[in-house]
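Architecture and fold: a report
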Amino acid sequence: MVAELNAYFAGELKEFETPVDWRLMSGARLQVLQALHKVPYGTAVTYGELARLSGSTVPARGIGSIMGSNPIPIVVPCHRVIAGNGLGGFSGGEGVETKRWLLTYEGYLQPTLLDL
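Residues numbered from 1 in each chain as written. Predicted model: local features only at pLDDT ≥ 70, side-chain atom pairs only at ≥ 80, totals over all residues. Heavy atoms only, no water.

Attention now moves to the environment of G42. Here G42 is to be found in the loop between α2 (27–37) and β1 (45–46). For G42, a relative accessible area of 21% gives the class partly exposed. Along the chain, G42 and A83 lie 41 residues apart, while their C-alpha atoms are 16 Å from each other. With residues up to four places along the chain from it excluded, the contact list for G42 reads R80, E106 and Y108. (Helix = DSSP H or I, 4+ residues; strand = E, 2+ residues; numbered from the N terminus. Buried < 20%, exposed > 50% of the residue type's maximum accessible area, 1.4 Å probe, protein only. Contact = heavy atoms within 4.5 Å.)

Okay, the packing of aromatic side chains next. Each aromatic ring pair is specified by the distance between its two centres and by the angle formed by the two planes. Counted under the stated rule, the structure contains seven aromatic pairs. Between Y8 and F9, the ring centres sit 4.8 Å apart and the planes meet at 85 degrees, which makes this aromatic pair edge-to-face. When its relative accessible area of 0% is taken as the criterion, Y8 is described as buried. Between F9 and Y105, the aromatic rings sit 6.3 Å apart at their centres with planes inclined by 35 degrees, giving tilted as the arrangement. One end of the pair, F9, is in helix α1 (residues 2–9); the other, Y105, is in helix α5 (residues 96–105), with 96 residues separating them in the sequence. Note on F9: relative accessible area 42%, which makes it partly exposed. Look at Y105 and you get partly exposed, because its relative accessible area is 25%. Here the aromatic cluster, defined as three or more aromatic residues joined through ring pairs, consists of Y8, F9, F16, Y41, W101 and Y105. (Phe/Tyr/Trp six-rings, centres within 6.5 Å; stacked < 30°, edge-to-face > 60°.)

Structurally, T104 is set in helix α5. Assessed through its relative accessible area of 15%, T104 is described here as buried. In terms of polar contacts, T104 uses its side chain to reach the backbone carbonyl oxygen of R100, at 2.8 Å. (Polar contact = N/O pair within 3.5 Å; in protein donor to acceptor, adjacent residues only side chain to side chain.)

Here it is in structure tokens:
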């Protein structure tokens, strides 16, 4: 896993191959995180879209709580979940700025002058 994370941050890896052990998760949390795990590099979904993709009954607002408890961010890419009207929140690193950096790094967002 460490080698894959290093390759990801070196720009050499776009899809993690290490299997995720889902055994400690269940119910809607499991459904949502498994659906999120399939969201491809360089793309994003809204909280509502992820709720629909997961097939769970969790409302869009509840998706944020699940993202906040994600035990393996980057591999299960909660930074790829955005609000319908902006980036939404992010509890990792420096908060929403880390989310913005990751989405820019993956090419979903265009760099700003601050990123150059």
